[in-house]
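These are the residues of each chain, in order.
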Amino acid sequence: MEMRIKEGSLTYIKEFDEDVTAEEMLIGAYELIAKVYSQQSVINAYYHTDPDTMDIRTD
């Protein structure tokens, strides 16, 4: 399995084993997003999202 982010002419790819867990996929997504946005932006986004609703926090 693989995850990709394309930004202009660059494509960032994260490859996973066949038995990848959801947790490993989320961590891989964070790693990929941090290639486009700063690590601090990714951390802020993490705290501003609600895993229960899979949406942006309203509180």
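Structure first, text after, so check above.
Residues numbered from 1 in each chain as written. Predicted model: local features only at pLDDT ≥ 70, side-chain atom pairs only at ≥ 80, totals over all residues. Heavy atoms only, no water.

Q: I'm lost on a nonpolar patch on the surface in this one. Help?
A: On the surface, Leu-26, Ile-27, Tyr-30, Ile-43, Tyr-46 and Tyr-47 cluster together to form a nonpolar patch covering roughly 610 Å² of accessible area. Secondary-structure elements contributing two or more residues to the nonpolar patch are α1 (22-36) and α2 (39-47). Relative to the assigned elements, Tyr-30 resides in helix α1. (Patch = residues over 30% accessible without salt bridge, like charges linked within 9 Å, V, L, I, M, F, W, Y side chains within 5 Å. Areas by Shrake-Rupley, 256 points an atom, 1.4 Å probe, with all protein chains shown as cover. Salt bridge = Lys/Arg side-chain N within 4 Å of Asp/Glu carboxyl O. Helix = DSSP H or I, 4+ residues; strand = E, 2+ residues; numbered from the N terminus.)

Q: What is the right way to look at unusual backbone geometry in this model?
A: Phi is positive for Met-54, close to 55°, though the residue is something other than glycine. By the element assignment, Met-54 lies in the loop between β3 (49-50) and β4 (55-56).

Q: I would appreciate a short explanation of the environment of Ile-27 in the present structure.
A: Here Ile-27 lies in helix α1. Linking Ile-27 and Met-54, residues 27 residues apart in sequence, is a C-alpha distance of 16 Å.

On their own, these measurements won't tell you what the molecule is for.
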